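So you can see what is in the structure, the chains are spelled out below.
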Amino acid sequence: MALSGTYSWAPDIATIIEEAYEQIGIELKTAYQLKTAVRSLALLMDEWSSRGLNLWTIDEETVTITASTASYTLNARIIDFLDAVVRDGSESTDSPLERISMDQYRNIVDKTTNADPSSYTLEFNATGGHTLRIYPVPTATDLSIRGWAVRYMQDVDVAYTDQPEVPR
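A few points on the structure. Along every chain, residues carry numbers that run from 1 in the direction the sequence is written. Only residues with pLDDT of 70 or above have their local features reported here, since the model is predicted, and side-chain atom pairs are shown and tallied only from 80 upward, although totals for entire chains, interfaces and linings are computed over all residues. For side-chain calculations, the full set of non-hydrogen atoms in the structure is used, while hydrogens and water are omitted.

## Concerning the overall build of the chain
Phase 1: A tally of regular secondary structure across the chain gives three helices and seven strands.
Phase 2: Two things to know: the radius of gyration comes from C-alpha atoms, and the globule rule equals 2.2 Å times the number of residues to the power 0.38. In terms of C-alpha radius of gyration, the chain reaches 22 Å, well past the compact-globule figure of 15 Å for 168 residues.
Phase 3: Across its three principal directions, the C-alpha atoms of the chain cover 65 × 40 × 25 Å.
Phase 4: Burial classes: relative accessible area under 20% of the type maximum marks a residue as buried, over 50% as exposed, and values in between as partly exposed (1.4 Å probe, protein chains only). Scored against the burial criterion, the 168 residues of the chain give a buried share of 32%.
Phase 5: Here, two residues are considered to be in contact whenever any of their heavy atoms come within 4.5 Å of each other. When contacts within the chain are restricted to residue pairs at least 6 apart in sequence, long-range pairs at least 24 apart make up 64% of them.
Phase 6: In the form shown here, the chain has an accessible surface area of approximately 10,900 Å², with 51% of it arising from carbon and sulfur atoms.
Phase 7: Taking the average location of the 13 positive side-chain charges in the chain and that of its 25 negative ones, the two points are 5 Å from each other. Strands are runs of DSSP state E lasting at least 2 residues, helices are runs of H or I lasting at least 4, and numbering of each runs from the N terminus. Surface accessibility follows the Shrake-Rupley procedure with a 1.4 Å probe radius. Residue values consider only the protein chains on display as shielding. Counted as positive: Lys and Arg. Counted as negative: Asp and Glu. His and the chain ends are not counted at all. Each charge is placed at NZ for Lys, CZ for Arg, CG for Asp and CD for Glu.

Given below as structure tokens:
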């Protein structure tokens, strides 16, 4: 038996909705039907997420750090950082950062100590935009933090020709 040898099938939103209508024996006829189907698809994905089916992905993220600054607000799409390193300006040297708990961070007496960062923590905010806190406070100006970040998948929207960002 011959196999296709491809792994790239990714239907767009309109194709998924059209298939759903065909499966229930209805022909998609109006723009309103398409609009409500997109809304239903977005709500279905929210329901899956609330039932524990995690619809997230992992990307490498970079946070540019500034001398004398210890906290950075992350993009609201970022849920968590799995690990992180400090990368120098020449992008040739990475120094690992140890993840510490918020309790450990709170117990640091002098949070203004200046040196190369060696640890980080996340302060989670209910509305997103979590705060990344690093310790000690960096003195160098040409550093960045790079790490694997867990982020939300992109929303399903009315661009019917877009492919939804969902697991295959």
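## Points about a nonpolar patch on the surface
Phase 1: On the surface, Trp 56, Ile 58, Leu 82 and Trp 148 cluster together to form a nonpolar patch covering roughly 380 Å² of accessible area.
Phase 2: Summarising the element assignment, Trp 56 is placed in strand β1 (residues 56-64).
Phase 3: On the basis of relative accessible area, Trp 56 is assigned to the partly exposed category, the value being 34%. Each patch groups residues whose relative accessible area exceeds 30% and which form no salt bridge, using 9 Å between like charges and 5 Å between nonpolar side chains of Val, Leu, Ile, Met, Phe, Trp and Tyr. In the sections that follow, a salt bridge refers to a side-chain nitrogen of Lys or Arg positioned within 4 Å of a carboxyl oxygen of Asp or Glu.

## Some words on the packing of aromatic side chains
Phase 1: Any Phe, Tyr or Trp ring, taking Trp's six-membered ring, that has another such ring centre within 6.5 Å forms a pair; planes under 30 degrees apart are called stacked, those over 60 apart edge-to-face, and the others tilted. Scanning the model with the defined rule gives zero aromatic pairs in all.
Phase 2: Criterion for a charge above a ring: Lys NZ or Arg CZ within 6 Å of the ring centre, and within 35 degrees of the ring normal. Of note, Lys 111 hangs over the ring of Tyr 105, and the distance from its end group to the ring centre comes to 5.4 Å.

## Concerning the packing of helix α1 (residues 13-23) against helix α2 (residues 31-50)
Phase 1: Fitting a line to C-alpha atoms yields each axis, with helices limited to the stretch in contact; the angle taken between N-to-C directions then spans 0 to 180 degrees. At a minimum axis distance of 10 Å, the contact between α1 and α2 shows a crossing angle of 100°. Between α1 and α2, the interaxial angle falls into the category roughly perpendicular. Taken together, the residues of α2 that come into contact with α1 (itself represented by Ile 13, Ile 17 and Tyr 21) are Gln 33, Leu 34, Ala 37, Val 38 and Leu 41.
Phase 2: Nonpolar residues are Ala, Val, Leu, Ile, Met, Phe, Trp, Tyr, Cys and Pro. Charged residues are Asp, Glu, Lys and Arg, and all others, Gly as well, are polar. The class makeup of the residues in the contact of α1 with α2 is seven nonpolar, one polar and no charged. Note on angle classes: values under 35 degrees are labelled roughly parallel, values over 145 roughly antiparallel, values of 65 to 115 roughly perpendicular, and the remainder oblique.

## Regarding a negative patch on the surface
Phase 1: On the surface, a cluster of negative charge is made up of Glu 18, Glu 19, Glu 22 and Glu 27.
Phase 2: With respect to the helices and strands, the residue Glu 22 is situated in helix α1.

## Some thoughts on the sheet that holds β1
Phase 1: With mixed pairing, seven strands are arranged side by side in an open sheet as β1-β7-β3-β4-β5-β6-β2. Each of the sheet's edge strands pairs with one partner strand only, and the pair in question is β1 and β2 (71-73). Averaged over all adjacent pairs, the angle separating strand axes in this sheet is 30°, with direction ignored.
Phase 2: Strand pairing is defined by DSSP finding a minimum of two bridges between the two strands. Here strand β3 (residues 78-87) pairs with strand β7 (residues 144-152) via eight bridges, running antiparallel. From the neighbouring strand, Asp 83 faces β7, where its bridge partner is Trp 148.

## Here we look at the nonpolar core
Phase 1: Within the largest apolar cluster, 16 residues are counted, with the highest numbers of intra-cluster contacts made by Val 63, Leu 74, Phe 81, Tyr 120, Leu 132 and Ile 145.
Phase 2: Broken down by secondary-structure element, the contributors of at least two residues to this core are β3, β5 (119-123), β6 (131-135) and β7.
Phase 3: When residues of this core are assigned to their parent elements, the largest contribution, four residues, is made by β3.
Phase 4: Counting residues in hydrophobic clusters, the runner-up holds 11 residues, among them Tyr 21, Ala 37, Leu 41 and Val 156. Buried residues of nine kinds, namely Ala, Val, Leu, Ile, Met, Phe, Trp, Tyr and Cys, make up a nonpolar core once their side-chain atoms join them within 4.5 Å.

## Considering the pattern of salt bridges
Phase 1: For the structure on display, the rule yields eight salt bridges.
Phase 2: A salt bridge links Glu 61 to Arg 77; the shortest N-O distance between them is 2.9 Å. You can see Glu 61 sitting in strand β1 and its partner Arg 77 sitting in the loop between β2 and β3, a full 16 residues away along the chain.

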